[in-house]
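# Structural features, examined
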Amino acid sequence: CRCRALLSRPAGRLRARRGLAAGPELHFGFQTVTEEERREKIYQVFESVAKKYDVMNDSMTLGIHRVWKDILMHKMNPSPGTLLLDVAGGTGDIAFRFINYVHSVREQQLQRKLKHHQNLSWQEIFESYQKDKFNSLGDSQVVVCDINREMLKVGKQKAQHLGYSEGLSWVLGNAEELPFDNDKFDVYTIAFGIRNVTRIDLALQEAYRVLKPGGRFLCLEFSHVSNPLLSRLYDLYSFQVIPVLGEVIAGDWKSYQYLVESIRRFPPQEELKAMIEDAGFFKVDYENLNFGIVAIHSGFKL
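Parameters at a glance
Each chain carries its own residue numbering, running from 1 in the direction its sequence is written. Residue-level local features of this predicted model are given only where pLDDT is at least 70; pairs of side-chain atoms are given and counted only at 80 or more, and the full residue set underlies all totals for whole chains, interfaces and linings. Each side-chain value is derived from all of the structure's non-hydrogen atoms; neither hydrogens nor water enter the calculation. UniProt positions are given in the numbering used here, feature names are shortened, and annotations may be inferred rather than shown by experiment. We call two strands paired when DSSP finds no fewer than two bridges between them. Numbered from the N terminus, helices here are DSSP runs of H or I no shorter than four residues, and strands are runs of E no shorter than two. Fitting a line to C-alpha atoms yields each axis, with helices limited to the stretch in contact; the angle taken between N-to-C directions then spans 0 to 180 degrees. Stacked, edge-to-face and tilted are the three classes for Phe, Tyr and Trp ring pairs, Trp counted by its six-membered ring, which pair at centre distances within 6.5 Å; planes under 30 degrees apart are stacked, over 60 edge-to-face, the rest tilted. Each residue gets one of three labels from its accessible area relative to the maximum for its type: buried under 20%, exposed over 50%, partly exposed in between, using a 1.4 Å probe on protein chains only. We call a charge positioned above a ring when the Lys NZ or Arg CZ atom is no farther than 6 Å from the ring centre and deviates by at most 35 degrees from the ring normal. Each residue carries a pLDDT score, the predictor's own confidence in it, on a scale running from 0 to 100. For this analysis, residues touch if any pair of their heavy atoms sits within 4.5 Å. Think of the arc as the fan of directions from the helix axis to the C-beta atoms. We count a salt bridge whenever a side-chain nitrogen from Lys or Arg sits within 4 Å of a carboxyl oxygen from Asp or Glu.

Going by what an unreviewed UniProt entry lists, the protein is known as COQ5 protein and is assigned to Oriolus oriolus. Looking at the Subunit (unreviewed entry) heading of the UniProt record, one finds this comment for the protein: "Component of a multi-subunit COQ enzyme complex, composed of at least COQ3, COQ4, COQ5, COQ6, COQ7 and COQ9. Interacts with PYURF; the interaction is direct, stabilizes COQ5 protein and associates PYURF with COQ enzyme complex." What UniProt records for the protein under Function (unreviewed entry) is the sentence "Methyltransferase required for the conversion of 2-decaprenyl-6-methoxy-1,4-benzoquinol (DDMQH2) to 2-decaprenyl-3-methyl-6-methoxy-1,4-benzoquinol (DMQH2)."

The subject of this paragraph is the sheet that holds strand 9 (residues 294-300). Read across the open sheet, the seven strands follow the order 5-4-3-6-7-9-8; overall the sheet is mixed. Each edge of the open sheet carries a strand with a single partner, namely strand 5 (168-172) and strand 8 (282-289). The average undirected angle you get between the axes of adjacent strands in this sheet is 15 degrees. When strand 8 meets strand 9, the two strands line up antiparallel, connected through six bridges. Paired with Asp285 across the bridge in strand 9 is Ser298.

Turning our attention to the packing of aromatic side chains. According to the stated counting rule, one finds nine aromatic pairs in the structure shown. Consider the rings of Phe96 and Trp170, whose centres lie 6.5 Å apart with planes at 70 degrees: the pair is edge-to-face. With Phe96 in helix 6 (residues 93-115) and Trp170 in strand 5, this residue pair connects regions lying 74 residues apart in the sequence. Taking 5.5 Å as the distance between ring centres and 25 degrees as the angle between the ring planes, the aromatic pair formed by Tyr188 and Phe217 counts as stacked. Placement of Tyr188 in strand 6 (residues 185-191) and of Phe217 in strand 7 (residues 211-222) is noted, with a sequence separation of 29 residues between them. Each member of the pair Tyr188 and Phe217 is classed as buried. By way of ring pairs, the aromatic residues Tyr188, Tyr208, Phe217 and Phe281 are connected into one cluster. The aromatic ring of Tyr234 is capped on one face by Arg264, whose charged end is 4.7 Å from the ring centroid.

Next up on the list: the confidence of the model for the protein. Averaged over every residue, the pLDDT of the protein is 84; residues scoring 70 or more account for 77%. Note on residues 8-23: pLDDT under 50 across the span, and 22 contacts to partners over four residues away in sequence or across chains.

Of all the residues in helix 13 (residues 269-278), the buried ones are Gln269, Leu272 and Ile276. One side of helix 13 carries all its buried residues, which in axial view fall inside an arc of 65 degrees. Those residues of helix 13 that are buried are in contact with helix 9 (200-210), strand 7, strand 8 and strand 9. Positive phi shows up at Gly280, right after helix 13, with a value of about 115 degrees.

Moving on, we get to the pattern of salt bridges. Tallying each qualifying case throughout the model produces 12 salt bridges. Here Lys301 ties to Asp183 by a salt bridge, and the two come within 2.6 Å at their closest N and O atoms. Here the residue Lys301 occupies a position in the segment after strand 9, and Asp183 occupies one in the loop between strand 5 and strand 6, the gap between them amounting to 118 residues. You can call Asp183 partly exposed: its relative accessible area is 39%. Among the ionic contacts, a cluster of salt bridges with common partners joins Asp54, Lys69, Asp93 and Lys158.

Below you can see the structure in the form of structure tokens.
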């Protein structure tokens, strides 16, 4: 299995190198915490919210998160044969969009092919469609990697319910120490996940390591609003409304209070761009969506 081949990397040397790195001051929302405390608290947040995660995303963003994820997929524009690693993607939103997108591209390719062969018999057309049916993704594959078992459990249940199985696999793993070999993936995505890793710098180094030369890094994340009036309105909504929604819908005020605070602690667009460049990526840029409420950062491994 192609997926199993991706899971065989020795991690000892990486651990040793990391042990020498001096960790920066860390935060859990507005609290200052140790690295271990942050890791444990964030794990507990997502274990708590996993079952209501999708409902809360729709409620908090009025459904706009779906549009943001669609924009990310169109920016990626994957072709059949693309191998994608989606990190912190436990509920499958990016993975399912990837499969749909590649399947659509394959359909368009087949239709163009048949239009250029007007003299094909009905039997030949039928056989072409049947062949495409059994290889509808053109060897594309998406590996969803998440550190949280509950989030992966929700994603697997959604995949089963929605009928996704081909070209999809689920891996329990830490963004800061991915269980994959070097130079394996064409694209790395992380959507609304990077602000929740313990060490962003280490996660970016790992993203660079597992991408093939020429591979692309894409990050969709809440960011910083530049318009002062909109920023004040956004703060009012974030701190006064979102925790209340968390309590009403998920029965969890504290987790959603943390999520709001974590957005305010997250590096602004230019600072994150510099961090991505420091990890070794080239041609790094970003696109603000909805005045910077979220941003898509992009970079390439050369």
